[in-house]
Amino acid sequence: RLLNRLPAAANVRLAARVPAAQAEELLLALGIPLESLSLPVSAFSGGMRRRVTLCRALLAEYDVLTLDEPYKGLDEETRARVMRLVEAHTAGRTVILVTHTLEEAEGYEQLMRDYGLTQEQVSKSVGKSRPYITNSLRLLKLIPEVRELLADGSISTGHAKALVSVIDEERQ
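Before going into details, it helps to say that this report is about the structure given with it. (Residues numbered from 1 in each chain as written. Predicted model: local features only at pLDDT ≥ 70, side-chain atom pairs only at ≥ 80, totals over all residues. Heavy atoms only, no water.)

1. Quick word on a negative patch on the surface
The line we're drawing: Put simply, a patch holds well-exposed residues, over 30% relative accessible area, that have no salt bridge, with like charges counted together within 9 Å and Val, Leu, Ile, Met, Phe, Trp or Tyr side chains within 5 Å. Method for areas: the Shrake-Rupley scheme with a 1.4 Å probe, in which residue coverage is limited to the protein chains shown. Salt bridge, as used here, is a side-chain nitrogen of Lys or Arg placed within 4 Å of a carboxyl oxygen of Asp or Glu. Positive charges come from Lys and Arg, negative ones from Asp and Glu, while His and the chain ends are left out of the count. Think of each charge as sitting on NZ of Lys, CZ of Arg, CG of Asp or CD of Glu. Elements are defined by DSSP. Helices are runs of H or I of four residues or more, strands are runs of E of two residues or more, and each kind is numbered from the N terminus.
A cluster of acidic residues, Glu145, Glu148, Asp168, Glu169 and Glu170, forms a negative patch at the surface. Position of Glu145 among the secondary structure elements: in helix H8 (residues 144–151).

Here's what the structure looks like:
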């Protein structure tokens, strides 16, 4: 939990024993505006608060890092930037990433589009098998109504994967 009355860097430094400049550098890279660094985190949006929490986790000492929905609520550009920073700060370390499969698939697709990566390259960079990446990307072929059902939890990922094979959109 963040301490609402403290600014972002102070919150980061409580868990991660790093210099203020290092905390501020990563906060800025994660998209926290410079003018917001002196404000208490209670003034931050939910997305900004999640990025402060993520910064704290990335800079803290850990044997295994668990990230629960670290990209939730981020716009496409910010999500791509944050994914790159997470990858850079966790390279060679054990990370357990929990995320909604549809958002995850969109992130994989963006990495492929923005950086010209293949599914194999994405799989190696995020520590997932290539078939896992392929199956996640297949979910993006669902019609919007079915994607919405998956996003709100009305249907499971397994159900959604079965519907991907139904080519006729009406039958989906």
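2. Description of a nonpolar patch on the surface
A cluster of nonpolar side chains, contributed by Leu3, Leu6 and Leu14, occupies part of the molecular surface with about 240 Å² of accessible area. With respect to the helices and strands, Leu3 occurs in the segment before helix H1 (8–15).

3. Overview of the pattern of salt bridges
For clarity, the threshold we go by: Partly exposed describes any residue whose relative accessible area lies between the buried limit of under 20% and the exposed limit of over 50%, with all areas from a 1.4 Å probe on protein chains only and scaled to the type maximum.
In this structure the tally under the stated criterion is two salt bridges. Arg147 serves as the salt-bridge partner of Glu106, at 2.7 Å between the closest nitrogen and oxygen. Linking Glu106 in helix H5 (residues 101–115) with Arg147 in helix H8, this pair joins segments that are 41 residues apart in sequence. Take Arg147: its relative accessible area is 22%, and that puts it in the partly exposed class. Close ionic contact of Arg113 with Asp114 constitutes a salt bridge, the shortest N to O distance being 3.8 Å. For Arg113, a relative accessible area of 46% corresponds to the partly exposed category. Residue classification places Asp114 among the partly exposed residues on the basis of a relative accessible area of 39%.

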